[in-house]
Amino acid sequence: FRSASQALLEIQDDRNDVGTPGIYLNKSRLGGAAAVNDNIGTIYFAFLDSTAAAFTGARIDAYADNVTNTTEAGHLRFYTATAGTLSERMRILGNGNVGIGTTSPGAKLEVVGTTKIDTSGYALQIFDPTGATGRGYLWTDGTNGMQLDTQSAQKLQLFTGGNQNAGITILTSGNVGIWTTAPL
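**Some details on the environment of A166**
- Mapping A166 onto the fold places it in strand β11 (residues 166–170).
- Expressed as a C-alpha distance, the spacing of A166 and P105, which sit 61 residues apart in the sequence, is 29 Å.
- If we ignore the near neighbours within four places in the chain, the residues touching A166 are Q157, L158, F159, W179, T180 and T181.

As C-alpha cells, then:
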C-alpha cells in the first residue's frame, strides 16, 4: 500500500526488457477454452451510497465472441448508472465499430439518439480515402447558421436515391445544376 495521496494498487515493471506492466484477466472453463458469450473480465467502479451500501456506478465488461484458434474475437461493453440503475451505454466490437446507444453498431461510429457537437471550428471534416486531405466540412460560426463547405476548387454535389446520380451540383463558380453535373 502507498500513502493516502497515492493509489492503493500500483503495478511496476522493473524488468530489463520490453515487457509492459498490466493486469491480465484470462477466462477458461476448467482449464479449457472459454465459450462464446462468456464474460471474460469485468472492471467495477463502485462507491458507498448515502446508506453506506456499496453501489456500482460504472462497469466495463469484456465478452468472447469467437473462441476458435486464429479467428478469436471479443468486444467491450461500457456501463454507467443513473437513478440507481446500471445500463449499457457504449459497445466496442472486435472489428472496431463503436456504438453509443446501440449494441450492434454497423459502422465505425453509430450513435442512436440525439447527438450534440459543440465547436467553434469544423464540426465534421471529411477526408479523402487516404486521410491526407480534407475534402469537405460541416460547421457553424454561430452567426450564419449551418454551413456545408468543400475544399478549394471542389464542387459540391447532393445525391438522391442511392444511385450516385447527382441531384444538385454546385460549382465553385456558383453555377447550380439540377440533374446535371455541368451547369452553365
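**Structural notes on the sheet that holds β11**
- Spatially, 3 strands are ordered β10-β11-β12 in an open sheet, and the strand pairing comes out antiparallel. Both outer strands of the open sheet, β10 (156–159) and β12 (176–178), are each paired with one neighbouring strand and no more. Geometrically, the sheet is characterised by an average inter-axis angle of 10 degrees between neighbouring strands, direction not taken into account.
- With 3 bridges connecting them, β11 and β12 associate as antiparallel partners. Bridge pairing in β12 places T169 opposite G177.

**Brief notes about the packing of aromatic side chains**
- If you walk through the whole model with that rule in mind, you get 1 aromatic pair.
- Taking the ring centre of Y79 as reference, the NZ or CZ of R59 above it sits at 4.1 Å.

**A short note on the sheet that holds strand β8 (residues 134–140)**
- If you walk across this open sheet you meet the 3 strands as β7-β8-β9, and the pairing is antiparallel. Among the strands making up the open sheet, the edge pair consists of β7 (122–127) and β9 (146–150). Looking at each pair of strands side by side, their axes are set apart by 15 degrees on average, direction ignored.
- Pairing analysis gives 5 bridges linking β7 to β8, with the strands arranged antiparallel. By the bridge assignment, Q125 is partnered in β8 with Y137.

**Some remarks on the side chain of D38**
- For D38, the location among the structural elements is in the segment before β1 (39–48).
- Among all residues touching D38, those that are not within four sequence positions of it are K27, R29, A62, Y63 and A64.

**With respect to the pairing of strand β2 (residues 54–66)**
- Pairing between β1 and β2: 9 bridges, direction antiparallel. Pairing of A46 across the sheet is with T56, part of β2.
- Counted between consecutive antiparallel strands, the loop separating β1 from β2 contains 5 residues, among which A52 sits at a positive phi close to 70 degrees.
- Here 8 bridges tie β2 to strand β3 (residues 73–82), and the two strands are oriented antiparallel to one another. Bridge pairing in β3 places R59 opposite Y79.
- In this structure, the hairpin formed by β2 and β3 is closed by a connection of 6 residues, where T70 is found at a positive phi of approximately 75 degrees.

Parameters at a glance
- Residues numbered from 1 in each chain as written.
- Predicted model: local features only at pLDDT ≥ 70, side-chain atom pairs only at ≥ 80, totals over all residues.
- Heavy atoms only, no water.
- Helix = DSSP H or I, 4+ residues; strand = E, 2+ residues; numbered from the N terminus.
- Contact = heavy atoms within 4.5 Å.
- Pairing = 2+ DSSP bridges.
- Axes fitted to C-alpha atoms, helices over the stretch in contact; angles between N-to-C directions.
- Phe/Tyr/Trp six-rings, centres within 6.5 Å; stacked < 30°, edge-to-face > 60°.
- Lys NZ or Arg CZ within 6 Å of the ring centre and 35° of its normal.

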